[in-house]
Amino acid sequence: MTCKEWDDPLYHNTCRLFKNVGEAMNLDPNVLNRLLQPERAIIVSVPVRMDDGRVETFHGYRVQHNNTRGPFKGGLRYAMDVNLGEVTALSMLMSIKCALMGLPLGGGKGGVRVDPTKLSRGEKQRLTRRFTVEIVNDIGPDIDVPAPDMGTNEEVMSWIMDTYSQMKGHATPSVVTGKPVSVGGSLGRKQATGRGVAHAAMEAACHLGIEIDENKTAVIQGFGNVGVYAARKLAESGVKVIAASDVYGAVFNSQGLDVVAMEKRLGEHGTIKGFEGGEPIDGQEMLTLECDILIPAAISGVIDEGMAGKLKCRILAEGANGPVTSAGNDVLCQRQDEVFVLPDIYANAGGVTVSYFEWVQGLQNFFWSAEQVNQQLYTVMSKIFREVVSVHEEEKVDMRTAAMRLAFRRLSEAMLRRGLFP
Ligand code: NAD
């Protein structure tokens, strides 16, 4: 039975997805029912002294979905549309993402309903520190490990780490991941998601018999954290990035865009719109360009039913969370022979994988070189790719279903092995 507190469209969609996949694979119904609800959902009110002297109260959430395989793990977002249902749905997806990648972690997610662009740095710091105090006994290296998400960054993580450490009386870097390297962050964490997406796309190309050379092309929607590092790795591997976009505009060059120059432009102007090494193109039209690799790395829901029918890419590597709507997914399932899909729970899992490496390094107080981090990341991404493809081929299901089946099997086996307490 659905608890009305987390009644939200994203939560319902996620439940539908879990049920469709779970029932078709004959997942133990007791396990499936358990996975449709989080273990714990925490709501706190967070009073913050604003710069003008007023005290404003914000609402904060931390949802802990499943910790059968290890501590809850997931991002903390600051955004105006944060609500308990959305955070719950995202925590469910983190549980299956961590299980799919074979990480000894569970799924969690958190957020504060606030417009971070309207906060001064001081207000943001006070909000973060008070929120941390409100949930201080519910997080910890062995309990629940937050990470950056929309509207939060490594600075916010260092404030959480400091507040938690002050409350506990000793430095506890492993309470969060995505921290600055100077306080125990991991080399390569910032680049991990984008690099992982690009690596996954190249694994897919190899699987499809497409040789990576200078005739291969990529299109990237969202030239932000994920998009920039995906573009960089693809360009370094010889792939031509022929188009890229951000929220302000899109640029195209059939001969390939200079990714480094585009990053420079982004640094100087805050956008790639107007980049001189290419010509402007409509952002929607860009998604339908003929290319080998398309990476949506911006927002959710951009590939709906109509767009899914128009895609002319050979590989769709989902850098963003949920870029394909459920109607769009139905179309892509029909077009499996034309468009090879790398679903978000796999394609963008490089971020949580290196977060796991950061957590391990912090617990051991033994830090790896950037080469070690990257090598381990690529080893994990390649291994899971082969596993998902085996399920896809042997069970004749689409790649998204294959990834979810693999995750559900790992999670349900752990749940059944541990059994129900008491
Ligand atoms: P970001 O804020 O750094 O970058 C987002 C980019 O998308 C920006 O360039 C922005 O201008 C662009 N954008 C926004 N709306 C757009 C639109 N309508 N059309 C075109 N471009 C648009 O964010 P990010 O960290 O790169 O995350 C991007 C996506 O990847 C999100 O869905 C996020 O949930 C997902 N993701 C990120 C990570 C990570 O480690 N950063 C990990 C897993 C998943």
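Every chain is numbered on its own, with residues counted from 1 as its sequence reads. Reporting of local features is limited, given that this is a predicted model, to residues whose pLDDT is at least 70; pairs of side-chain atoms are given and counted only at 80 or more, and all residues count toward the totals for whole chains, interfaces and linings. Only hydrogens and water are removed before side-chain values are computed, so all heavy atoms of the structure are retained for them.

### A closer look at the site of the ligand
Proximity is defined per residue: any heavy atom of the residue falling within 4 Å of a molecule or strand makes that residue near it. Taken together, 18 residues lie around the ligand, and Thr-193, Asn-225, Val-226, Val-247 and Asn-321 are the ones closest in. Here an oxygen atom of the ligand sits 2.8 Å away from a polar atom, N or O, in the main chain of Val-226. Any pair of nitrogen or oxygen atoms within 3.5 Å is treated as a polar contact; in protein, a donor-acceptor pairing is required on top of that, and neighbouring residues in sequence qualify only through side-chain atoms on both sides. A distance of 2.9 Å is found between an oxygen atom of the ligand and a backbone nitrogen or oxygen belonging to Val-247. Residue-level accessible areas treat just the shown protein chains as cover; the underlying method is Shrake-Rupley with a 1.4 Å probe. Computed on the free molecule, the ligand has an accessible area of 820 Å², of which 69% lies beneath the protein chains in the complex. Strands are runs of DSSP state E lasting at least 2 residues, helices are runs of H or I lasting at least 4, and numbering of each runs from the N terminus. Listed by contribution, the elements that provide at least two residues to the shell around the ligand are helix 6 (189–207), helix 7 (225–236) and strand 7 (240–246).

### Comments concerning the packing of helix 14 (residues 370–394) against helix 15 (residues 399–418)
At a closest axis distance of 8 Å, the pairing of helix 14 and helix 15 adopts a crossing angle of 105°. In terms of orientation, helix 14 lies roughly perpendicular with respect to helix 15. Contact with helix 14, carried on its side by Ile-384, Phe-385, Glu-387, Val-388, Val-389, Val-391 and His-392, involves Met-399, Ala-402, Ala-403, Arg-405, Leu-406, Arg-409 and Arg-410 of helix 15 and no other residues of that element. Three residue categories are used. Nonpolar comprises Ala, Val, Leu, Ile, Met, Phe, Trp, Tyr, Cys and Pro, charged comprises Asp, Glu, Lys and Arg, and polar comprises the others, including Gly. The residue inventory of the contact of helix 14 with helix 15, partitioned by class, reads 9 nonpolar, 1 polar and 4 charged. In this analysis, axes come from line fits to C-alpha atoms, helices being fitted only over the stretch in contact, and the angle between any two N-to-C directions falls in the range 0 to 180 degrees. Roughly parallel covers angles under 35 degrees, roughly antiparallel covers those over 145, roughly perpendicular covers 65 to 115, and oblique covers all other angles. In what follows, a contact means two residues having at least one pair of non-hydrogen atoms within 4.5 Å.

### Examining the pattern of salt bridges
By convention in these notes, a salt bridge is any Lys or Arg side-chain nitrogen within 4 Å of a carboxyl oxygen on Asp or Glu. Enumeration according to the criterion identifies 23 salt bridges in this entry. A salt bridge links Glu-56 to Arg-54, with the shortest nitrogen-to-oxygen separation between them at 3.1 Å. Here the salt bridges share partners, and the residues they tie into one network are Arg-77, Glu-86, Lys-109 and Asp-149.

### As for unusual backbone geometry
In this chain, Phe-421 is followed by Pro-422 through a cis amide linkage whose omega measures 0°. For Pro-422, the location among the structural elements is in the segment after helix 15. We note that Asn-26 has phi near 55°; this positive angle belongs to a residue other than glycine. Partly exposed describes any residue whose relative accessible area lies between the buried limit of under 20% and the exposed limit of over 50%, with all areas from a 1.4 Å probe on protein chains only and scaled to the type maximum. Residue classification places Asn-26 among the exposed residues on the basis of a relative accessible area of 68%.

### A word on the domain arrangement of the protein chain
For every domain, the bounds stem from an assignment made automatically or drawn from a database. Parsing the protein chain into structural domains produces domain 1 (38–174) and domain 2 (190–347). Distance from the C-alpha centre of domain 1 to the C-alpha centre of domain 2: 30 Å. Counting residues at the interface gives 5 residues for domain 1 and 4 residues for domain 2. As a working definition, buried area equals the accessible area (1.4 Å probe) given up by two parts on being put together, with both sides summed. Approximately 440 Å² of surface area, both sides summed, lies buried where domain 1 meets domain 2, with 67% of it carried by carbon and sulfur atoms. Three residues, Lys-97, Leu-100 and Met-101, lead the burial of domain 1 against domain 2; their summed loss comes to 67% of the area buried on that side. Linking domain 1 with domain 2 are 0 salt bridges, by the criterion used here. Joining domain 1 to domain 2, the criterion identifies 1 residue pair in polar contact (both at pLDDT 80 or more). Of the residues that constitute the side of domain 1 that touches domain 2, the class distribution is 4 nonpolar, no polar and 1 charged.

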